[in-house]
Amino acid sequence: MSSFRKIILTAALVAMAGMALAQSDKYPGLGRAATPKEVAKWDIDVRPDFKGLPPGSGSVAKGQDVWEAKCAHCHGIFGESNEVFSALIGGTTADDIKTGHVANLSRTDFPGRTTIMKVATVSTLWDYINRAMPWTNPKTLTTEEVYSVTAFLLSLANVVPDDFVLSDKNIAEVQKRMPNRNGMTTAHAMWPGKEFKGAAKPDTANTICMKDCAPEPKHASLLPDFARNAHGNLADQNRLVGQQHGADTSRPEGKATPAPGTAAPAAPRTEVNNESKGAIALLNKHSCTACHGVDKKVVGPGFNEIAKKHSGKADYLVGKIKSGGSGVWGPVPMPPQSLPEADAKAIAAWIAKGASK
Amino acid sequence: MKENNINSGRVQKAPENFLNQEGIRTVFAEGKSGRRDFIRNAFAAAAAGAAVPAALAQGNPVPTEGGDPNILNLPEHATGLGQGVASNNGYGVPSRFESNIQRRQSPGLTQTTQASVSFAPLQSLFGIVTPSGLHFERHHQGWWDIDPSKHRFMVNGMVKKPMVFTMDEIMRLPSVSRFHFIECGANTAVDWGNVAVPTVQYTHGMVSCSEFTGVPLITLLELAGADLKNGKFVLAEGGDGSSMTRTIPMSLITSGEVLVAYGQNGEMLRPENGYPLRLIVPGVQGVSWVKYLRRVEVGDQPYAAKDEAVHYIDLMKDGQHRQYTSIQECKSVVTTPSGGQVLLDKGFYNITGLAWSGRGKVKRVDVSVDGGRNWRQARLETPVLSKALTRFNLDWVWDGKPAIIQSRAQDETGYVQPTYQQLRAVRGTRSIYHNNAIQSWLVQENGEVKNVQLS
C-alpha cells in the first residue's frame, strides 16, 4: 500500500469515527450530517414571526412588471381573475384594515372569497410565492422579485401605497395592516394536540336513538333532472354485475331500466393512437395543459379550437409556440415558450392534423 | 366511456330545495306523525312518470327453452386453452370487464388537471383496502415519477445535528406496516349547502385506505437529536414544485403514529401518491400527508403555510375561520345501495358501507332505511383498526317502496356522527371542509337511487 493511499484510508477512518460519534448509537451507519449549503438550499420556509425571511426588498412598481410578465396570464392583471384559480384580490375595505376582520366574510350573499379576504399572515404570501410560483416554474423568482410581487399584491388591496417598497425591515408593520389578521380562531377540537389550547369537546353532540326518532325534516334537496347525467352516464361508472347496477342516465328515468343479465357488455377502452399519445405527453411535459385543454378552453384556447382555426399550418404554429403572442384568441398574452425545436414541431404537427386524442 | 364525452360545463349549484312549499309542509307534517308514507308522498314528484320497470321482474328466470344457454352451451374458456403466465409485461391488470371502475374527475370542479382531484369509486369497492390504482388523487401542482436513488430526506430546525438520508438508509431502519385511511379535508364539501353531485364516488370518494409501510418519524427525529420538549411543531415539506408544507403537532409524532412511508399495499407508493416517500399522519386530513417528502423541520411555533392560512381553513357563521382544523371526525357512508345505482328487484339486499374516525376505532354503526326514524345496528366486519376504514353490513329486504337509507357511526371516544341539521347549526354551510354529516340515499319505487338531503 502506498503511503498516499494510507493517508487517504486513515483520513476516511477518522471521518467515519467522527460521524459515528455524532449520531445515535442505535442505528450506526445511517444518515449523515447535512451541510450548511444543503440546509440553506432547502430550508426556505418563512414563519409568521418572519423567521426564515431572507433580507431584501422590492417595490410595487417592480412587482407590477414581474406580475404582468409572469403572473397575470393566470391571475388577471389585477389579481381578480377566477378563470383558472380563485381570485386573489378583492372584497376587502379600508375599514377591514382598521379592524383586522374582513366584514364580507360574515355575509352569506357575498360571492366568493379571495385570498386577501382570508389570509391573516403576510408571511404566508411571501412563503408561498417564493416556494411555488409561478405555477409552471416554481422557485425561479429572485428574492427581490418575491418582495416586489408581494408588495404589488398588497398595493392592489390598498394595504400598502403604490410607491411602497416592501422589505424585511418593514414587513412586520405591514402585518399590522392585513385586512383579516384577526380573522382566525383555534378554539375548536380538531387539532390533534394541546398546543393551541383549543376546545376539549367536539362541536356537535349527536346521540344514539334507535326507535321513533324524530327527524323533523324541514326541507329536502335532490339533484334537478337536468343534472342527472352531468357526471356522465352512471351506468358506465358501476360494475357490470353486482347487487345494484348503474342507472342509465343517458335515457329518461324510469322508461327502460335494463333487466338483469341484459346489461350491455363493457366496451373495451378506446385505443388512443400513438402519435396523439406522444403529443399529449409533450403537452404535459412542457406544462402546455396548464393553460390549454386538449378539448376545452382553459386560459388559452383548447387545442381542438386551434386545430380548427389553423388546420395544416404546422410551421405557423411552431412560430406561435416559440414566440408567444396575444390578440388572436383574446387579450390574455401567451408568453414565449422555451422547449426543444423537435418538441415544438411535434406538437405543432399534431395540432395541424386535428389535435385528436 | 371516454372522459372527454362528459359535459365539462360547471355543475349548476343546486337550489336550496326542490320541493315546493306545500311539499315541504307535507314532509314535515307526515314525518312528525310518523307515517311511513311520508317518503312516498314527498318524493312523488321526483318519481313522477316512473313506471315499474322490467328490472323488478324475477332476476334469474328459467328460459322457455328449458335451460340457460350460459349453462347449456359450453363457452370457449371451458373448451380451449387459456393464457400463459407473466403476461401484461409481468404486472397483472384488472379484468377487461372491470373497465367501468375508474377514479374520475368531477366535471367542472377544477379548470386544470394538475391542480385537481380524482375520486375513488367507493360504490364498487369491497372490504377496507383501496386498490392503489384507484386511490383518490389530489395534486396542487401536478404529479411526478421521481428517481428514488436521487431522492433525499432532510431533518433540520431544532435538532442537535441537521441530517440527510438516502432512500437506502431510510429503508434500512426498522419499519412498521399499518392500515390507515386518508381523507381529504374537503371530502363531501360540495354537499355542505345542498345536494350537488349524483354518486358516492363524487360525494365521498376523497377517502381511501391502504396498508402503509415506513419508519416512525420519531426514529428519524431522535437520530438527529431533536428537541422534543420545546420543539412543539414540525413542518413537513414536499420536494415537488408546490413544495407543500404543513404543520404537524409533535405530540402526535412522539406517540409513534406518524410515519415516513415508502410502502403502500405491499409495493412501493404509486407516483400519484407520493413515490418514493410520503408522510402518514393517521386521523388527520390528507393535505398533511405530504407527498414527495423531502424535509421536516422542528420548530417552536406553527407555520401558517398556504394550506393552513388560505386554504383548509373552515369559515364559521360569524365570519371567523377555524385554523389548524386537522382531525377527520367520525363519519360513515353506505356505498351500496348508493346514488346512481338501480336496485334490480324487490327482495334481499346486503346494505354495505364504510365508517372511519380520526380519533381511533369505530365502535358501532347503525343503519336506517326510513330516513332516520328507526335504526338497526349493523355488523362491523373485521379487521376493526384505529384510524382505518371499517366495513359494515346489514341485511335488508326491500319491499319495493321508497326508502331513505342512512348510516350513523360512533367511535371509541363516544362521539356520534352528526346530522346535517346539527352540523349546520354550529358551522353554517360555508365552511367547505370537514363535512362528516350523515348521508341520505333515496331509493325510489323504480329502483333508482338518488342523493338526497332531508334535514
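Residues numbered from 1 in each chain as written. Chains lettered and ligands numbered in written order. Predicted model: local features only at pLDDT ≥ 70, side-chain atom pairs only at ≥ 80, totals over all residues. Heavy atoms only, no water.

K.L.:
Go over the packing of helix α12 (residues 314-323) of chain A against helix α13 (residues 341-352) of chain A, please, and point to the residues and values.
P.N.:
Residue and element names in this part refer to chain A. Viewed as axis vectors pointing N to C, α12 and α13 meet at an angle of 130 degrees, and their least axial separation amounts to 8 Å. Relative to α13, the element α12 lies oblique. Note on packing geometry: the crossing formed by α12 with α13 is right-handed. The segment α12 lies against α13, with A314, L317, V318, I321 and K322 engaging E341, A344, K345, I347, A348, A349, I351 and A352. (Axes fitted to C-alpha atoms, helices over the stretch in contact; angles between N-to-C directions. Helix = DSSP H or I, 4+ residues; strand = E, 2+ residues; numbered from the N terminus. Parallel < 35°, antiparallel > 145°, perpendicular 65-115°, else oblique. Left-handed = near helix turned anticlockwise from the far one by under 90°. Contact = heavy atoms within 4.5 Å.)

K.L.:
Give me the sheet that holds strand β24 (residues 449-454) of chain B: which residues, what numbers.
P.N.:
Strand order across the open sheet formed by six strands is β5(A)-β24(B)-β23(B)-β22(B)-β18(B)-β19(B), with antiparallel pairing between neighbours. Each edge of the sheet is formed by a strand with only one pairing partner; in this case those strands are β5 (220-222) of chain A together with β19 (376-377) of chain B. One ladder, built from three bridges, connects β5 of chain A with β24 of chain B; its direction is antiparallel. Note that in β24 of chain B the partner of L222 of chain A across the bridge is V452 of chain B. (Pairing = 2+ DSSP bridges.)

K.L.:
Could you give me a rundown of the packing of aromatic side chains, with the residues and numbers involved?
P.N.:
Taken as a whole and judged by the stated rule, the model has 15 aromatic pairs over all chains. Centre to centre, the rings of W191 of chain A and Y324 of chain B are 5.8 Å apart; their planes meet at 75 degrees, and the pair counts as edge-to-face. Taken together, the positions of W191 of chain A in the loop between β4 (184-185) and β5 and Y324 of chain B in the loop between β14 (321-322) and β15 (331-336) put the pair across two chains. An identical accessibility class is assigned to W191 of chain A and Y324 of chain B; each is buried. Grouping aromatic residues by their ring pairs yields a cluster made of W191 and F196 of chain A together with F233 and Y324 of chain B. Its end group placed over the ring of Y303 of chain B, R47 of chain A keeps NZ or CZ at 5.9 Å from the ring centre. Geometry around W375 of chain B places R408 of chain B over its ring, the cationic atom sitting 4.2 Å from the centre. (Phe/Tyr/Trp six-rings, centres within 6.5 Å; stacked < 30°, edge-to-face > 60°. Buried < 20%, exposed > 50% of the residue type's maximum accessible area, 1.4 Å probe, protein only. Lys NZ or Arg CZ within 6 Å of the ring centre and 35° of its normal.)

K.L.:
Residue-level account of unusual backbone geometry, with values.
P.N.:
The step from Y275 of chain B to P276 of chain B runs through a cis peptide bond, and the omega angle for that step is 5 degrees. Structurally, P276 of chain B can be placed in the loop between β10 (267-268) and β11 (278-280). Cis rather than trans, the peptide bond between T382 of chain B and P383 of chain B has omega equal to -5 degrees. Within the secondary structure layout, P383 of chain B lies in the loop between β20 (379-380) and β21 (390-398). In the Ramachandran plot, D212 of chain A falls in the positive-phi region, its phi being about 50 degrees despite a non-glycine side chain. If you trace the backbone, D212 of chain A turns up in the loop between β4 and β5. A relative accessible area of 53% means that D212 of chain A is categorised as exposed. One non-glycine residue, N89 of chain B, adopts positive backbone phi at about 55 degrees. With respect to the helices and strands, N89 of chain B occurs in the loop between α4 (76-79) and β1 (116-118).

K.L.:
Could you give me a rundown of the interface of chain B and chain A, with the residues and numbers involved?
P.N.:
Across the boundary between the two partners, chain B contributes 157 residues, which contact 119 residues of chain A. Taking both sides of the interface into account, the surface hidden between chain B and chain A amounts to around 12000 Å²; carbon and sulfur atoms contribute 56%. Ranking the residues of chain B by area buried against chain A places N100, Q111 and H321 of chain B at the top, with a combined share of 5%. Inspection of the region where chain B meets chain A yields ten salt bridges. The partner of R295 of chain B in a salt bridge is D43 of chain A, with the nearest N and O atoms 3.2 Å apart. The element that contributes the greatest number of residues to the side of chain B that touches chain A is helix α10 (residues 420-427) of chain B, accounting for six residues. Of the residues in the side of chain B that touches chain A, the class split is 66 nonpolar, 58 polar and 33 charged. Bridge count between strand β6 (residues 244-246) of chain A and strand β16 (residues 341-343) of chain B: three bridges; the pairing is antiparallel. Looking across to β16 of chain B, one finds that G246 of chain A is bridged to Q341 of chain B. (Buried area = accessible area lost by both parts, 1.4 Å probe. Salt bridge = Lys/Arg side-chain N within 4 Å of Asp/Glu carboxyl O. Nonpolar A, V, L, I, M, F, W, Y, C, P; charged D, E, K, R; others polar.)

K.L.:
Can you explain the pattern of salt bridges? Please cite residues and give values.
P.N.:
Within the structure shown, the criterion is met by 38 salt bridges over all chains. Measuring nitrogen to oxygen at the nearest pair gives 2.9 Å for the salt bridge that ties R427 of chain B to E329 of chain B. Of this pair, R427 of chain B sits in helix α10 while E329 of chain B sits in the loop between β14 and β15, placing them 98 residues apart in sequence. Residue R427 of chain B is classed as buried on the basis of its relative accessible area, which comes to 1%. One network of salt bridges, in which partners are shared, links D43, D45, K51, D127 and R131 of chain A together with E237, R294, R295 and E297 of chain B.

K.L.:
An account of the sheet that holds β15 of chain B is requested, with residue identities and associated values reported.
P.N.:
Note on sheets: strands pair through backbone hydrogen bonds, and any given pair is parallel or antiparallel. Residues and elements named next belong to chain B. On the basis of which strands lie adjacent, the open sheet formed by four strands has the order β15-β17-β21-β20 and antiparallel pairing. In this open sheet, the two edge strands, each paired with only one partner strand, are β15 and β20. Judged from the five bridges that link them, β15 and strand β17 (residues 347-356) form a sheet pairing that is antiparallel. Each residue of the ladder has a partner; that of K331, found in β17, is W356.

K.L.:
Describe the side chain of Q417 of chain B, with residues and values.
P.N.:
Within the fold, Q417 of chain B resides in the loop between β22 (403-411) and α10. At 2.7 Å, the side chain of Q417 of chain B forms a polar contact with the side chain of S332 of chain B. At a separation of 3.1 Å, a polar atom in the side chain of Q417 of chain B contacts the main-chain carbonyl oxygen of N436 of chain B. Beyond its immediate stretch of four places on either side in the chain, Q417 of chain B contacts N206 of chain A together with C330, K331, S332, S407, R408, A409, N436, A437 and I438 of chain B. (Polar contact = N/O pair within 3.5 Å; in protein donor to acceptor, adjacent residues only side chain to side chain.)

K.L.:
Any chance you could break down the state of the cysteines for me, citing the residues and the numbers?
P.N.:
Under the definition given, this model contains one disulfide over all chains. Two residues share a disulfide in this structure: C209 of chain A and C213 of chain A, whose sulfurs sit 2.0 Å from each other. In this structure the cystine formed by C209 of chain A and C213 of chain A twists about its S-S bond by roughly -105 degrees; its chirality is therefore left-handed. Classification of C209 of chain A as partly exposed rests on a relative accessible area of 26%. C209 of chain B carries a free sulfur, and the closest cysteine sulfur to it, the one in C330 of chain B, is 14 Å from it. (Disulfide = S-S within 2.5 Å.)

K.L.:
Describe the pairing of β21 of chain B, and please don't skip the residues or the numbers.
P.N.:
Residues and elements named next belong to chain B. Burial analysis of β21 places seven of its nine residues in the buried class, the great majority of the element. Relative to β21, β17 is paired through nine bridges, and the arrangement is antiparallel. Looking across to β21, one finds that F348 is bridged to V397. Here β20 pairs with β21 via two bridges, running antiparallel. Within the sheet, the bridge partner assigned to L380 lies in β21 and is F392.

K.L.:
Outline the nonpolar core, supporting the account with residue identities and numerical values.
P.N.:
Counting residues in each nonpolar core, the largest one holds 93 residues, and the members touching the most others are F153, L217, L221, I253, L279, V296 and W396 of chain B. In this structure L217 of chain B touches F153, I253, V258, L259, V260, L279 and V296 of chain B, once residues within four positions along its chain are discounted. (Core = buried A, V, L, I, M, F, W, Y, C linked by side-chain atoms within 4.5 Å.)

K.L.:
Give me α13 of chain A: which residues, what numbers.
P.N.:
Residue and element names in this part refer to chain A. In a regular helix each residue adds 1.5 Å, so twelve residues correspond to 16 Å; α13 covers 16 Å between its end C-alpha atoms and thus fits that length. Within α13 the residues assigned to the buried category are D343, A344, I347, A348, W350, I351 and A352. Downstream of α13 by one or two residues, G354 has phi in the positive range, about 125 degrees. (Expected span 1.5 Å × (residues − 1).)

K.L.:
Help me get a handle on a nonpolar patch on the surface, residues and values and all.
P.N.:
On the surface, Y316, V328 and W329 of chain A cluster together into a nonpolar patch covering about 250 Å² of accessible area. What makes W329 of chain A partly exposed here is its relative accessible area of 37%. (Patch = residues over 30% accessible without salt bridge, like charges linked within 9 Å, V, L, I, M, F, W, Y side chains within 5 Å. Areas by Shrake-Rupley, 256 points an atom, 1.4 Å probe, with all protein chains shown as cover.)

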